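Chain by chain, the residues:
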Amino acid sequence: MSYVLWTLLSLISYVGGLIIVVKVTPHLMTHSFDEGLFMGWAILDIVGALLSFGAVFITLAVFNGAFAIRVVDFLLLLGILLIAVRLTYQCLKPRVLSGSVPLSRVLAGSYGIFLILAAFFCITQLFMTK
């Protein structure tokens, strides 16, 4: 496949993954963590994160880590980081929602914290490795 096609597909998966994460994470708070539907939403949320992070790694691998691609990947990781911070704040904000389960809110918030940590790790590895 050509480089343009790989880049285009990775950007589409990046946007699709972020849309999945933004739309699905609030659904985690309304279901108890031991329900099957919670597990389904969680799996879909993880797939969205994999699509987003996968786009970063595909562009990095296709272009052999060129500096311009590292800058683009940094901006993509910054987008993941900002969305993860917003979702974590939304999940862990001390408020009472009608129909929200407190433990599910904590689990969704911890998922957001892990996304933040993964984005920070990828940003540091992006510029630390040659």
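Residues numbered from 1 in each chain as written. Predicted model: local features only at pLDDT ≥ 70, side-chain atom pairs only at ≥ 80, totals over all residues. Heavy atoms only, no water.

In this section: the overall build of the protein. Assigned secondary structure in the protein consists of 4 helices and 0 strands. The helix and strand sequence of the protein, counted from the amino end, reads α-α-α-α. Its C-alpha atoms put the protein at 50 × 30 × 20 Å along the principal axes. Considering only residue pairs separated by 6 or more positions, the protein has 74% of its internal contacts joining residues 24 or more positions apart. Working note: accessible area of the protein is about 7500 Å², and carbon and sulfur atoms make up 80% of it. Charge separation in the protein, taken as the distance between the mean sites of 7 positive and 4 negative side-chain charges, equals 13 Å. (Helix = DSSP H or I, 4+ residues; strand = E, 2+ residues; numbered from the N terminus. Contact = heavy atoms within 4.5 Å. Areas by Shrake-Rupley, 256 points an atom, 1.4 Å probe, with all protein chains shown as cover. Lys, Arg positive; Asp, Glu negative; His and termini not counted. Charge placed at Lys NZ, Arg CZ, Asp CG, Glu CD.)

Below, the discussion takes up helix α1 (residues 3-28). Every α-helical turn comprises 3.6 residues, leaving residues that sit three or four positions apart pointing alike. The end-to-end C-alpha distance of α1 is 37 Å, a good match for the 38 Å that 26 residues give at a rise of 1.5 Å each. Among the residues of α1, those classed as buried are S10, S13, Y14, G17, L18, V21, V24, T25 and L28. The elements touched by buried residues of α1 are α2 (36-62), α3 (67-92) and α4 (102-128). (Expected span 1.5 Å × (residues − 1). Buried < 20%, exposed > 50% of the residue type's maximum accessible area, 1.4 Å probe, protein only.)

It is worth spelling out empty space enclosed by the protein at this point. Overall, the coordinates contain 1 cavity of 30 Å³ or more when judged by the stated rule. When its volume is computed, the largest cavity comes out at roughly 60 Å³. Taken together, the elements giving at least two residues each to the lining of the largest cavity come down to α1, α2 and α3. (1 Å grid on protein atoms, 1.4 Å probe; cavity = no way out; pocket = protein on both sides within 12 Å on 5 of 7 lines; lining within 4 Å. Points joined across faces, edges and corners; volume = space filled by probe spheres on them.)

The subject of this paragraph is the environment of P102. Take P102: it is sitting in helix α4. Judged by its relative accessible area of 56%, P102 is exposed. Each C-alpha atom, one on P102 and one on L92, is 9.3 Å from the other, the two residues being 10 residues apart in sequence.

With 20 residues, the main nonpolar core has Y14, F53, L77, I80 and L115 as its most contacted residues. Among the elements of the structure, α1, α2, α3 and α4 are those that each provide at least two residues to this core. For this core, the element with the highest residue contribution is α4, accounting for 7 residues. When residues no more than four places from it in sequence are discounted, the contact partners of I80 are Y14, L18, S52, F53 and A119. Core analysis: the second largest hydrophobic core is formed by 6 residues, L28, M29, F38 and A42 among them. (Core = buried A, V, L, I, M, F, W, Y, C linked by side-chain atoms within 4.5 Å.)

Closest axis-to-axis distance for the α3/α4 pair is 8 Å, and the angle between their directions is 160°. By the angle class used here, α3 and α4 are roughly antiparallel. In the crossing of α3 with α4, the sense of the turn from one axis to the other is left-handed. In terms of residue class, the contact of α3 with α4 is made up of 20 nonpolar, 3 polar and 3 charged. (Axes fitted to C-alpha atoms, helices over the stretch in contact; angles between N-to-C directions. Parallel < 35°, antiparallel > 145°, perpendicular 65-115°, else oblique. Left-handed = near helix turned anticlockwise from the far one by under 90°. Nonpolar A, V, L, I, M, F, W, Y, C, P; charged D, E, K, R; others polar.)

This next bit is on the environment of M29. Inspection of the secondary structure assignment puts M29 in the loop between α1 and α2. When its relative accessible area of 3% is taken as the criterion, M29 is described as buried. Distance from M29 to V106, taken between C-alpha atoms, is 8.4 Å for residues 77 residues apart in sequence.

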